[in-house]
Amino acid sequence: MPRATFLRVVCSCSLVVLVATHTQLPAQSPPGMSPAIQANSNRVPAGKLENGILTLHLELRQGDWYPEADTGPSMKVYAFGEEGKALQVPGPLIRVPEGTEIHLTLHNLLAAAAIVHGLHQHPGDAKATVEVPPQETRELRFTAGAAGTYQYYASGGGILGDSGRPIREDSQLAGAFVVDPPGKAVPDRIFVLGIWRSGSDVAALIGHASMPHMIPVINGKSWPYTERLTYAAGEPVRWRWINASDGGHPMHMHGSYFRVDSAGNSEADRVFAPEQQLTVATNRLLTNGTMTTYWTPPPGHWLFHCHFVPHISPEMTVANALADKSIMQHPPGHMAGMVLGITVAGNRPPVASHGRTRKIRLWVRERPAAHGLPAGFSYQLEENHRLFPKDLTVPGPPLVLERGQPVEITVGNQLHQATTVHWHSVEVESYYDGVAGWGARGNKVTPEIQPGRSFIVRFTPPRSGTFMYHTHLHDEEQLSGGLYGPLIVVEPGRKFDSSHEPIAVLSRAGPSSIEGPLLLNGSTNPPTLHWHIGDRYRLRLISIAAFDGGSFSLLGTDGLLQWRAIAKDGYDLPPAQAVMQEARQLALAGEVYDFEYQPTVAGTLQLQLSIGILKMKVTQQIEVQ
């Protein structure tokens, strides 16, 4: 192969030097053949670190990607790899101590120019990119910069998505870039989120296109082929999460809470002071976003996954993407995509309880079209031989429980298909968590609730707060069709006061995850609320749209008001976070927020729900007297 001329780019702080050089390009694969791409678990740093200098040679090439089984169907995509080694998705891990000098070469063996982001000192400038023409090479030298979680990525001539990131053949050109603080690094794991997709999500959401085929992955694999994790109960678990996809992800933990210790993006990372650390069950990662988390795992079989239904739908398989059609498939767990399975040995300790066990029936029923909503599904509660509500509604009726009081809920399925119920953010045993085929208690595995059958769920709520319950099976049809409802846990001896604790549930009307108008408590025109001057009101905000995130806003005649934050995902905020703030809150699917507001003057307020990108808005009037 002839020798090729390329430019060596030497970066030292603000100094950039271009030097003409020559090199021998590595041999390419024979025509028509592509190398296999390996899934990268991000356990082994790339390159050679010696005397404070990391030397790393990266290539950009086309290969065959296996997001499911290593022997399953593959897709041709572009990927990074170390020179002389296999291509990887995500790209080779760059992990160095603070102060490391990095000597790096980029060899572009693609047919198009590559624009590479993030290979520079951090914090950095997102506009600081390196262009590598086809069949050429660039050399970079820079210091690693501040400790943190970052990423590098490239576009290789493919289609860019709604957030400016690649979505097709070059969508997997991304890798983790971690800078450790001085001293011994604390053990952790690194996970990179990625998506290959066939078209624009936004075009589908606004009805201008069908839902794009997607391959959502964690560290290059789609559930049930993602890595299975095993921990001991109470073991400190530290994760770094990097969103390398063109879209946001509300990441949800089943059965317990996790702590967010830092958050950032491709260029900067912010470490929270202890009093500002977040304790959540669902945390959103926007495009380019990063977070480091700390988790103390309870015994059980748990899932950690994106809460956007299309990103975990069993339809989002390689076979469907290659065939350009959607055929419902049922892999283990009835999910695909951005899902991690976690096993923690032992039995969950019982919760301190009081009083007699409360017994409730939760009926799962088919709902006819009515009140401007298409036909779908709904829940009804039965207690002491009384049904609530009388008519089937969307969302389902509020399920009000008491902290520390045992409850036995018999879920009766009157649908024509199987279902389950997930108690979102509630700390239950995994057997009752609602994940069929995955949750377990000893030798018993959580079943699907077949038509005409029932399943008894037993738990004792350990904390008061705002939660929700919803289906965790056939989500594209059942969740979009209305199988969700608020779950409120009150303190012992206290009653739920709906007049002073308004519930606001964000959803869409269905019948699929991208169809139907925006709904506030199941309506496009919710009834007026009546408040009183001087009274305190606790707004319980729940977001459960299958593929949307919306903003809740409380407005007066002069614009946005101020409200006080109280809780996130049912977890009370510490004093440093329970503060007055602007009354606007973005909430993606699976997120729950509580705010307090005390009106001081008479007049008309508005609780507004909006999805700006879709130009959708629902307003609820509030008359204050």
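Every chain is numbered on its own, with residues counted from 1 as its sequence reads. Under the rules for a predicted model, residues below a pLDDT of 70 receive no local features and side-chain atom pairs below 80 are neither given nor counted, while totals for whole chains, interfaces and linings still include all residues. In computing side-chain values, all of the structure's heavy atoms are included and hydrogens and water are not.

Participant: For this particular structure, what's the right way to read the overall build of the protein?
Facilitator: Secondary structure elements are taken from DSSP: a helix is a run of H or I of four residues or more, a strand is a run of E of two residues or more, and numbering for both begins at the N terminus. Counting secondary structure elements, the protein contains three helices and 50 strands. Over its C-alpha atoms the protein spans a radius of gyration of 26 Å, differing by no more than 12% from the 25 Å that the globule rule assigns to 625 residues. If you line up the protein on its principal axes, its C-alpha atoms span 85 × 55 × 50 Å. Burial here depends on accessible area, computed with a 1.4 Å probe over protein chains only, as a share of the maximum for the residue type. Under 20% is buried, over 50% is exposed, and the range in between is partly exposed. In the protein, which comprises 625 residues, the proportion classed as buried is 56%. Contacts between residues were defined by any pair of non-hydrogen atoms, one from each residue, lying within 4.5 Å. Counting contacts in the protein only where the partners sit at least 6 residues apart, residues at least 24 apart contribute 73% of the total. Accessible surface, the protein: about 25000 Å² in total, of which carbon and sulfur atoms supply 52%. Across the protein, the centroid of the 50 positively charged side chains sits 4 Å from that of the 55 negatively charged ones. In this treatment the radius of gyration is a C-alpha quantity, and the globule benchmark scales as 2.2 Å times the residue count to the 0.38 power. Note that accessible areas follow from Shrake-Rupley with a 1.4 Å probe, and for residues the cover is restricted to the protein chains shown. We count Lys and Arg on the positive side and Asp and Glu on the negative side, and we leave His and both chain ends out. A charged residue contributes its charge at one atom only: NZ of Lys, CZ of Arg, CG of Asp or CD of Glu.

Participant: What is the right way to look at the sheet that holds strand β13 (residues 148–155) in this model?
Facilitator: As a general point, the strands of a sheet are linked pairwise by backbone hydrogen bonds and lie either parallel or antiparallel. Only when DSSP finds a minimum of two bridges between them are two strands counted as paired. An order of β8-β14-β13-β10-β11 is seen for the five strands of this open sheet, with the pairing classed as mixed. The sheet terminates laterally at β8 (91–97) and β11 (129–132), the two strands that pair on one side only. Recorded for the sheet is a direction-independent mean angle of 15° between the axes of neighbouring strands. Of the strand pairs in this sheet, strand β10 (residues 114–117) and β11 are connected by four bridges, and their pairing is antiparallel. In the sheet register, Ala114 faces β11, and the bridge partner there is Val132. What counts as an axis is a line fitted to C-alpha atoms, over the stretch in contact for a helix, and the angles between N-to-C directions run from 0 to 180 degrees.

Participant: Can you walk me through the side chain of Gln172 in this structure?
Facilitator: Mapping Gln172 onto the fold places it in the loop between β13 and β14 (174–180). Not counting residues within four places of it along the chain, the set of residues in contact with Gln172 comprises Trp65, Val77, Tyr78, Val89, Gly194, Ile195, Trp196 and Val217.

Participant: Help me out: how do you make sense of the sheet that holds strand β27 (residues 358–367) in this one?
Facilitator: Spatial ordering of the open sheet is given by β29-β28-β27-β31-β35, a layout of five strands whose pairing is mixed. Of all strands in the sheet, those bounded by a partner on one side alone are β29 (386–388) and β35 (454–459). On average, each strand axis in the sheet is inclined to that of its neighbour by 25°, with strand direction left out of account. The sheet contact formed by strand β28 (residues 376–383) and β29 spans three bridges and is antiparallel. From the neighbouring strand, Glu383 faces β29, where its bridge partner is Arg386.

Participant: Help me understand the nonpolar core in this model?
Facilitator: Core analysis: the biggest nonpolar cluster contains 61 residues, and Trp239, Trp241, Trp295, Phe304, Ile342 and Trp563 have the highest contact counts within it. Per element, the largest residue contribution to this core is four residues, and it comes from strand β49 (residues 603–611). Each nonpolar core is a collection of buried residues, namely Ala, Val, Leu, Ile, Met, Phe, Trp, Tyr and Cys, held together in the definition by side-chain atoms within 4.5 Å. Ranked by size, the runner-up nonpolar core spans 29 residues in total, among them Leu362, Leu401, Val421 and Ile449.

Participant: Whenever I open this one, the packing of aromatic side chains confuses me. Can you help?
Facilitator: Between two aromatic rings, the relevant description is the distance of the centres plus the angle of the planes. Two rings from Phe, Tyr or Trp (for Trp, the six-membered ring) form a pair when their centres are within 6.5 Å of each other. A pair whose planes differ by under 30 degrees is stacked, one over 60 is edge-to-face, and the rest are tilted. Counted according to the given criterion, the structure contains 24 aromatic pairs. On the basis of an interplanar angle of 85° and a centroid distance of 5.5 Å, the ring pair of Trp223 and Trp438 is categorised as edge-to-face. Taken together, the residues Trp223 in the loop between β16 (214–218) and β17 (228–231) and Trp438 in the loop between β32 (422–424) and β33 (440–441) connect sequence positions 215 residues apart. Grouped by ring-pair contacts, the aromatic residues Phe191, Tyr231, Trp239, Trp241, Phe258, Trp295 and Phe304 constitute a single cluster. Placement of a positive charge over a ring is assigned whenever Lys NZ or Arg CZ falls within 6 Å of the ring centre and within 35 degrees of the normal to the ring plane. Positioned over the ring face of Tyr153 is Arg165, at 3.5 Å from the centre of the ring.

Participant: Got a minute to help me understand the environment of Ala204 in this structure?
Facilitator: Structurally, the position occupied by Ala204 is in helix α1 (residues 201–205). For Ala204, a relative accessible area of 2% gives the class buried. Put simply, Ala204 and Ile514 are 310 residues apart on the chain and 6.9 Å apart in space, counted from C-alpha to C-alpha.

Participant: Would you mind going over the pattern of salt bridges with me for this structure?
Facilitator: A side chain of one charge can pair with a side chain of the opposite charge if their charged atoms are brought near each other. Any Lys or Arg side-chain nitrogen found within 4 Å of a carboxyl oxygen on Asp or Glu counts as a salt bridge. The full count for this structure, using the stated rule, is 31 salt bridges. A salt bridge links Arg458 to Glu408, with the nearest nitrogen and oxygen atoms 3.3 Å apart. Highlighted residues: Arg458 in strand β35 and Glu408 in strand β31 (residues 407–413), separated in sequence by 50 residues. The class of Arg458 is partly exposed, set by a relative accessible area of 41%. In this structure Glu408 comes out as buried when scored by relative accessible area, which is 15%. Residue Glu596 pairs with Arg536 through a salt bridge whose shortest N-O separation is 3.2 Å. Separated by 60 residues along the polypeptide, Glu596 in strand β48 (residues 592–597) and Arg536 in the loop between β40 (529–531) and β41 (537–543) bring together distant segments of the chain. What you see here is one network of salt bridges that share partners, running through Arg494, Glu501, Arg538, Arg540 and Asp594.

Participant: Whenever I open this one, the pairing of β49 confuses me. Can you help?
Facilitator: It is a general feature of regular strands that their side chains alternate between the two faces of the sheet. Direction of pairing for strand β42 (residues 549–556) relative to β49: antiparallel, over a ladder of five bridges. Across the sheet, the residue bridging to Ser551 is Ser610, located in β49. Bridge count for β49 against strand β50 (residues 616–624) is nine bridges, and the pairing is antiparallel. In the strand pairing of β50, Gln608 is matched with Thr619. Hairpin connection from β49 to β50: four residues lie between these consecutive antiparallel strands, with Lys615 at a positive phi of about 55°.

Participant: What is the right way to look at the side chain of Asp246 in this model?
Facilitator: By the secondary structure assignment, Asp246 is in the loop between β18 (237–243) and β19 (249–253). Asp246 sits in the buried class, given a relative accessible area of 5%. A polar side-chain atom of Asp246 sits 3.4 Å from the main-chain amide nitrogen of Arg165. Throughout this description, a polar contact denotes any pair of N or O atoms lying within 3.5 Å of each other; where both atoms belong to protein, one of them has to be capable of donating a hydrogen while the other can accept it, and for residues adjacent in sequence the pair is counted only when both atoms sit in side chains. A distance of 2.2 Å separates polar atoms of two side chains, one belonging to Asp246 and the other to Arg197. In this structure, Asp246 is in contact with Gly161, Asp162, Ser163, Gly164, Arg165, Pro166, Ile167, Arg197 and Thr287, ignoring residues within four places of it in sequence.

Participant: Is there a simple way to explain the pairing of strand β38 (residues 503–508) in this structure?
Facilitator: Most of β38 sits inside the fold, with six of its six residues counted as buried. Here β38 shows a buried face lined by Ile503, Val505 and Ser507 and a second buried face lined by Ala504, Leu506 and Arg508. Bridge count between β38 and β41: four bridges; the pairing is parallel. Of the residues in β41, the one forming a bridge with Leu506 is Ser543. Pairing between β38 and strand β39 (residues 518–520): three bridges, direction antiparallel.

Participant: Help me understand the confidence of the model for the protein, please; the structure alone is not making it clear to me.
Facilitator: Regions with low pLDDT should not have their predicted coordinates read in detail. On a range of 0 to 100, pLDDT expresses the predictor's confidence in each residue. Scored by pLDDT, the protein comes out at a mean of 92, with 93% of its residues at no less than 70. In this model, residues 1–31 is a region of pLDDT below 50 whose contacts with residues beyond four sequence positions or in other chains number 60 contacts.

Participant: Explain the environment of Gln625 here, please?
Facilitator: Summarising the element assignment, Gln625 is placed in the segment after β50. Separated by 283 residues in sequence, Gln625 and Ile342 have C-alpha atoms that sit 52 Å apart. Non-local contacts of Gln625, meaning those with residues more than four positions away in its chain, are made with Trp531, His532, Ile533 and Ala602.

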